[in-house]
Structure formats: structure tokens, C-alpha cells
Amino acid sequence: MSGHSKWATIKHKKGAADKARGKLFAKLARQIEVAAKGGGDIDANPTLRTAVQKAKAARMTNDAIDRAIKRGTGEGGDGVVYETIMYEGYAPGGVALMIDVLPDNRNRTGAEIRGVFTKLGGSMAEPGAVSWQFARRGQIVTGEGVVEDDVMMAALDAGADDVVAEGDRFRVDTDPSVVFDVKEALDAAGIEVISADSPFVSENLVPVTETGDAKAVVRILEALEDNDDVQDVFANFDISDELMEEASA
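One structure accompanies this document, and this report is about it.

Rules and cut-offs
Residues numbered from 1 in each chain as written. Predicted model: local features only at pLDDT ≥ 70, side-chain atom pairs only at ≥ 80, totals over all residues. Heavy atoms only, no water. Salt bridge = Lys/Arg side-chain N within 4 Å of Asp/Glu carboxyl O. Helix = DSSP H or I, 4+ residues; strand = E, 2+ residues; numbered from the N terminus. Buried < 20%, exposed > 50% of the residue type's maximum accessible area, 1.4 Å probe, protein only. Pairing = 2+ DSSP bridges. Axes fitted to C-alpha atoms, helices over the stretch in contact; angles between N-to-C directions. Phe/Tyr/Trp six-rings, centres within 6.5 Å; stacked < 30°, edge-to-face > 60°. 1 Å grid on protein atoms, 1.4 Å probe; cavity = no way out; pocket = protein on both sides within 12 Å on 5 of 7 lines; lining within 4 Å. Points joined across faces, edges and corners; volume = space filled by probe spheres on them. Nonpolar A, V, L, I, M, F, W, Y, C, P; charged D, E, K, R; others polar. Core = buried A, V, L, I, M, F, W, Y, C linked by side-chain atoms within 4.5 Å. Contact = heavy atoms within 4.5 Å.

**Quick word on the pattern of salt bridges**
- Under the defined criterion, the tally for this structure stands at 14 salt bridges.
- Two residues, Arg 137 and Asp 161, come together in a salt bridge whose shortest N-O distance is 2.8 Å. Here Arg 137 is found in the loop between β4 (134-136) and β5 (138-142), whereas its partner Asp 161 is found in the loop between α6 (148-157) and β6 (162-166), with 24 residues between them in sequence.
- With a relative accessible area of 46%, Asp 161 lands in the partly exposed category.

**Focus: the sheet that holds β6**
- Reading across the sheet, the four strands line up as β6-β7-β5-β8 and stay open at both edges, with antiparallel pairing between neighbours. Each edge of the sheet is formed by a strand with only one pairing partner; in this case those strands are β6 and β8 (193-197). Between one strand axis and the next, the sheet turns through 15° on average, direction left out of account.
- Sheet topology places β5 next to strand β7 (residues 169-174); four bridges connect them, and they run antiparallel. Considered in β7, the bridge of Gly 138 is made with Thr 174.

**Details of the packing of aromatic side chains**
- Across all of its chains, the model carries one aromatic pair by this definition.
- When the ring of Phe 200 is compared with that of Phe 234, the centres are 5.4 Å apart and the planes differ by 75°; the resulting orientation is edge-to-face. Pair noted here: Phe 200 is in strand β9 (residues 200-202) and Phe 234 is in strand β11 (residues 230-235), with a separation of 34 residues, a long-range link. Residues Phe 200 and Phe 234 agree in their burial class; the two are buried.

**Comments concerning the layout of surface pockets**
- In this structure, the second largest pocket spans a volume of roughly 660 Å³.
- Contributing to the lining of the second largest pocket are 27 residues, with Gln 31, Thr 47, Thr 50, Ala 51 and Arg 136 lying nearest its centre.
- Among the elements of the structure, α2 (18-36), α3 (46-57), β1 (85-91), α7 (179-188) and β11 are those that each provide at least two residues to the lining of the second largest pocket.
- With seven residues, α3 is the largest single contributor of residues to the lining of the second largest pocket.
- Residue classes in the lining of the second largest pocket are distributed as 12 nonpolar, eight polar and seven charged.

**As for the nonpolar core**
- If you look at the biggest cluster of nonpolar residues, it comprises 26 residues, and the most contacted ones within it are Val 95, Leu 97, Ile 99, Leu 224 and Phe 237.
- Going through the elements one at a time, β1, β2 (95-101), α5 (106-120), α8 (211-225), β11 and α9 (241-248) are the ones with two or more residues in this core.
- The leading source of residues in this core is α8, at six residues.
- Discounting residues that sit within four places of it in the chain, Ile 99 has contacts with Ile 85, Met 86, Tyr 87, Glu 88, Ile 113, Phe 117, Leu 224, Val 230, Asp 232 and Val 233.
- Judged by nonpolar contacts, the second largest core, of 17 residues, contains Ala 154, Ala 155, Phe 170 and Leu 186.

Structural data, given as C-alpha cells:
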């Protein structure tokens, strides 16, 4: 399950820029807005509760979250109608991808996603051709320099399944239903968390060992996530920390 957590670390480092953070907040707001169409009560709408928790984990303000909820429930005026679509495909090297999008124009977004694959050497796949390899899992990535025993004690006591070292950081694996409970426990223990989410992850990892292949994978990931309609990209690559850093430079 290395692919998504390593990519989350890279995105966090690049996400320090205001432009990148603004793009992230816009995507989170769209997720909240769509979830709120099922009702604005966080306690009664688990999808909305997860979207709000994800936004708070990214340090999105309460005012911005409230505005997104109101747009979704119709209190903020007529909102845009978004669709929920999952595209599937392959990056160079046979790395499987799932692309979660919330477009307001399916045809335009589909053409843009297909264009990314065509330009950067990937290929689109039929629905179901890739998704069978993935399942939802809670993943939390810590900052660097934390103490393993502290992470394990706080995480496992809060219901985490496992704690895995990834370079100078730790990845905490959980059931999707408790990922934000575990994050709160880590926060309370004074442990830095750089990302907390419930991504699609795969046990069928594709090893990427050549610099050229790693750079090709990173290029297609960055191009897909640069699209405003793309909410997240899930991949099953296994790239070493050193090669990932080199490819993302």
C-alpha cells in the first residue's frame, strides 16, 4: 500500500504554496457540497461527516466548510450540479490508476482526462478493469522525527490496525470508519499528522525501479491532479523513497 501514502507525502511538501493549498481547498469544498446534498446534518449524514473531517484535517477553516455545506443544501443559492465518476486507467509501466472526479460537464472532463493519458503515455481502461485491485483503507501519515512507540501506543489504543515505518515517517493503517478518530488520538498525543484519508489502496503493487519510469508515473499523477474536477488519484506503484524524491524534484 505504499503508493498512496508516499504520494501523499510528496503532495504535502509541494502543497506548502498558497496556490496549491487553494486548489486543495477548492476540491475539498466541492466534496462537501456534493455530500451535503444528502442533508446538512453532519451527525445524520456519514458521507458529509467524512468530507468535513477530511477538510478539517487539511486545515480548512470552519467558515469555508459552512459555506460549502450551505451551497450543497441550497441555502447558499443555486449550486452547481456535479456528477460522481471514477475513471480507470494505466500509467506508464503498467501502474494501475483510479481517478475520482466530480465534474459539472462529464464530456469536457472525460476528454481532458483522456488527453492526459494520451499525451503522457498512459491508457484509459474500461470500468472494472482496474477497480477490482483496490479497496478502501484508512491511511494516516505522520511527520518526520516522531517516536515509533508513541505512534503505536496512541494509534493502536484508538483502534488502528497497524503502524508501518516509511522512511523517517510512519503510516498508520486503519478501517476507514475510524481513520479520523485515530488522527484525533495522534493529535492529542502531540504527534504531527501530515495527511489523513480513506483512499483506495491495493495489495497488488507494481514495482517501479527505473528513474525514467518513476518520472513518467509522477508526471501523469501531477497532470491528473492539476485538473480542477479531479478529487483524488489512487495508484498501486511501489517506488523507493529515494527514487520518489528524485522523480518529483
